[in-house]
Amino acid sequence: MNSAARSPTVPGPPLLGYEEAAALVAAYAAGLGGLRRAAERVDLASALGRVLAQDLCADRDQPPFTRSTRDGFACRAAEASAHAFLRLAGASRAGDAPAGPLPPGTAWEIMTGAPVPLGADAVAMIEHVEIVGAKVRLLPPRALEPGENIVPQGAQAHAGDELLAAGGVIHPQQIALAATCGYAALDVYMRPRVAILATGDELVPVEAEPAAGQIRNSNAPMLAAMVAASGGEPWILPRAADHAKALDAALAQAAQADLLVISGGVSAGKFDLVEPALARMGASFHFTGVKIQPGKPLVFGELPKGRGASKEKSREKLRAVPFFGLPGNPVSSAVTFLLFAAPVLAALGGSMGPGTRFALARLKSASDKHGKPGLTRFLPAHCDFGGTIPEVELVPWQGSGDLAALARSNCFLVVPEEAHRLEAGSIVRILLAS
Ligand code: AMP
Ligand code: MG
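Before going into details, it helps to say that this report is about the structure given with it. Values in this document were obtained by computation on a predicted structure and should not be read as measured data. (Residues numbered from 1 in each chain as written. Chains lettered and ligands numbered in written order. Predicted model: local features only at pLDDT ≥ 70, side-chain atom pairs only at ≥ 80, totals over all residues. Heavy atoms only, no water.)

Some remarks on the packing of aromatic side chains
Two aromatic rings are characterised by how far apart their centres lie and by the angle between their planes.
Part 1 of the reasoning: Within this structure, the stated rule accounts for seven aromatic pairs.
Part 2 of the reasoning: Their ring planes at 70 degrees and their centres at 5.2 Å tell us that Tyr18 and Phe378 sit as a pair that is edge-to-face. Note that Tyr18 is positioned in helix 1 (residues 18-31) and Phe378 in strand 23 (residues 376-384), a separation of 360 residues in sequence.
Part 3 of the reasoning: Given the relative accessible area of 6%, Tyr18 is considered buried.
Part 4 of the reasoning: A centroid spacing of 5.7 Å and a plane angle of 75 degrees characterise the contact between Phe285 and Phe323, whose relative ring orientation is edge-to-face. (Phe/Tyr/Trp six-rings, centres within 6.5 Å; stacked < 30°, edge-to-face > 60°. Helix = DSSP H or I, 4+ residues; strand = E, 2+ residues; numbered from the N terminus. Buried < 20%, exposed > 50% of the residue type's maximum accessible area, 1.4 Å probe, protein only.)

Written out as C-alpha cells, the structure is:
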C-alpha cells in the first residue's frame, strides 16, 4: 500500500489488471474478518437479508421423533414382506404423541408427519396395501425394507448441533431453520453505514428541474439502492461541487461512515479533484485505476485511523475507513461498485460470502465489439434465467452514460482481456447486477 506522503496530485500506484485488483480487494475484505462488530437482536420476521451474528444450534433432535413421510401403515418390514394380513392395532395422526409398542403381527395406521410407533421399522404406503376390515397386508410382489418411508429421530440434526455459523446471510431457508429451532429473534450484525457522496457541478437533485447543461444526480439513489442490496445502510450526502473546499468539507463529514463511496471527479479532467482532496486528508491509495472498461479510473484506499470514528458507541472506533472513488458515468459507477465496493461492504457487515456474484450463461449472439485491447470489459447485458440454461445477450448501448441501456440490463457480460471475439453459443461469465 502506498502512503499518502506523495504529491497530492498523483496520489496512487499505477493501473492494476482486473484480476490483480479483484485479488487485492478480496484480500482486503478477508482481512476485515476479525473486526469487532456491534450486533442487534431482531425479530425473525425482520431478519431477512441480515448477517447472523450468532451461531444457530438445534434445540432438540431433528426430526424430534421418528416420523412417517407417508400416509400408510407402520409395521415391521419383515412381517409386511411376508404378505400375511396384519391386524390394525391403532392409529396416529400428525401431532399425536409417539405410541407403541407395536404388538407382533400388527400394523398401525399412520399419517404423514406422525410419530412412528415404537417397534415399527417401516411404513407401507397406503397405495401399496390391501385393507380388509381391520386387517391390512402389503400387496405382493412388493417388499418393504426396514427404514422405508420413515426418518429416524435425530437423522437431520442432534440437539446442540451447530446448524448455521455466524457470518451467514439470512435467506428464507435460514428463517425456516431458525423457526424450527425456536429462535423467535436472532442476533444480527449492525449494518455498516455507507456514505454516498456524488460530486459534480452539473448535478441537481432528482426533485429539481435541471437548467441547461445540468443533469439529475442519478448515481446517489442508484448507489444507495446497491448499498442496501449489499447489506449496508446508505447515507446520502448532499452533492459536492467540483471545488477543493467543498470537497474537503464533504469528505470530512463522509469520513464518519464505515465506508465511503464517492462518485465522479476521479478521472484526469481539470475538475477531477477527488483524489487530491482524499490525499489532503491523509489517504492511502491501494490503487488509482484498474484495466477495465467501463470504470478504469476507479480509486480504492483508506482514510487513516481515527478519521472515521463515529460518535455512536455501537460502532467500531479508531479504524481506517475504506473508500472507493467511482467514475461518475452511471454504468461505470454501477460496474465498479458491484465489482469492488460490494465485497468490501459485505465483509464490513460481517458476511462470509464474496459480496459479488458471477454466473455462467450461454451467449445468444456472437460479440466482437470489444474496444481497446488489454482491458477486461463488463458490458451491459440481459440474461434470461427462465430456460434450462441461462442465456445472455448484450444490450445495445451508447457508452457508459447510457442509463436507459443500464435499466434494460440485469447483468454484465465479462469479456476477458485477451478475448477478440465471443462466439454465439459459447459459455460466458456474467456479473450479476442484483
Ligand atoms: P466524472 O467521473 O465526474 O468525470 O463524470 C463522468 C460523467 O458522468 C459526466 O458526464 C457526468 O456528468 C456524469 N455523472 C457524474 N456524476 C453523476 C451522477 N451522480 N449522476 C449521473 N451522472 C453523473
Ligand atoms: Mg465530474
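Back to the text.
Examining helix 4 (residues 219-229)
Part 1 of the reasoning: Those residues of helix 4 lying buried are Asn219, Ala220, Met222, Leu223, Ala224, Met226 and Val227.
Part 2 of the reasoning: Contacts from the buried residues of helix 4 go to strand 13 (193-198), strand 16 (233-236), strand 17 (259-263), strand 21 (321-326), helix 7 (330-348) and helix 8 (403-408). (Contact = heavy atoms within 4.5 Å.)

Notes on the pattern of salt bridges
Part 1 of the reasoning: Throughout the structure, instances matching the rule amount to eight salt bridges.
Part 2 of the reasoning: Between Glu130 and Arg137 there is a salt bridge, with its nearest N and O atoms 2.8 Å apart.
Part 3 of the reasoning: Judged by relative accessible area, Glu130 falls into the partly exposed class, the value being 27%.
Part 4 of the reasoning: For Glu393, the salt bridge goes to Lys364, with nearest N and O atoms at 3.9 Å. Of the two residues, Glu393 is situated in strand 24 (residues 391-394) and Lys364 in the loop between strand 22 (358-363) and strand 23; the sequence distance between them amounts to 29 residues. (Salt bridge = Lys/Arg side-chain N within 4 Å of Asp/Glu carboxyl O.)

Notes on the nonpolar core
Part 1 of the reasoning: Ranked by internal contacts, the top residues of the largest apolar core, which has 42 residues, are Phe287, Phe324, Phe337, Phe340, Val344, Phe378 and Phe412.
Part 2 of the reasoning: Looking at this core, the elements that each hand over two or more residues are helix 1, strand 13, helix 4, strand 17, strand 21, helix 7 and strand 25 (411-415).
Part 3 of the reasoning: Looking at which element gives the most residues to this core, the answer is helix 7, with 13 residues.
Part 4 of the reasoning: Core analysis: the next-biggest nonpolar cluster, separate from the first, contains 24 residues, Ala250, Ala277, Ala279 and Phe323 among them. (Core = buried A, V, L, I, M, F, W, Y, C linked by side-chain atoms within 4.5 Å.)

As for unusual backbone geometry
Part 1 of the reasoning: The omega torsion of the bond from Gly100 to Pro101 falls at 0 degrees, within 30 degrees of zero and hence cis.
Part 2 of the reasoning: Examined against the element boundaries, Pro101 turns out to sit in the loop between strand 5 (86-92) and strand 6 (106-110).
Part 3 of the reasoning: Cis geometry marks the peptide bond from Pro140 to Pro141, where omega comes out at 5 degrees.
Part 4 of the reasoning: Along the polypeptide, Pro141 turns up in the loop between strand 9 (135-138) and strand 10 (150-151).
Part 5 of the reasoning: One non-glycine residue, His83, lies in positive phi territory at about 65 degrees.
Part 6 of the reasoning: Tracing the backbone through its elements, the reader meets His83 in the loop between helix 2 (77-81) and strand 5.
Part 7 of the reasoning: In this model, Asn149 sits at a positive phi of 65 degrees, which is unusual for a non-glycine residue.

Some points on the site of ligand 1
Part 1 of the reasoning: By nearness alone, 17 residues border ligand 1, and Glu202, Asn217, Gly265, Gly328 and Asn329 come closest of all.
Part 2 of the reasoning: The separation between an oxygen atom of ligand 1 and a polar side-chain atom of Glu202 is 2.5 Å.
Part 3 of the reasoning: Backbone polar atom of Asn329 to an oxygen atom of ligand 1: 3.1 Å apart, as the coordinates give it.
Part 4 of the reasoning: For ligand 1, whose unbound accessible area comes to 480 Å², protein coverage reaches 78%. (Near = heavy atom within 4 Å. Polar contact = N/O pair within 3.5 Å; in protein donor to acceptor, adjacent residues only side chain to side chain. Areas by Shrake-Rupley, 256 points an atom, 1.4 Å probe, with all protein chains shown as cover.)

The values reported here are purely geometric and, on their own, carry no functional implication.
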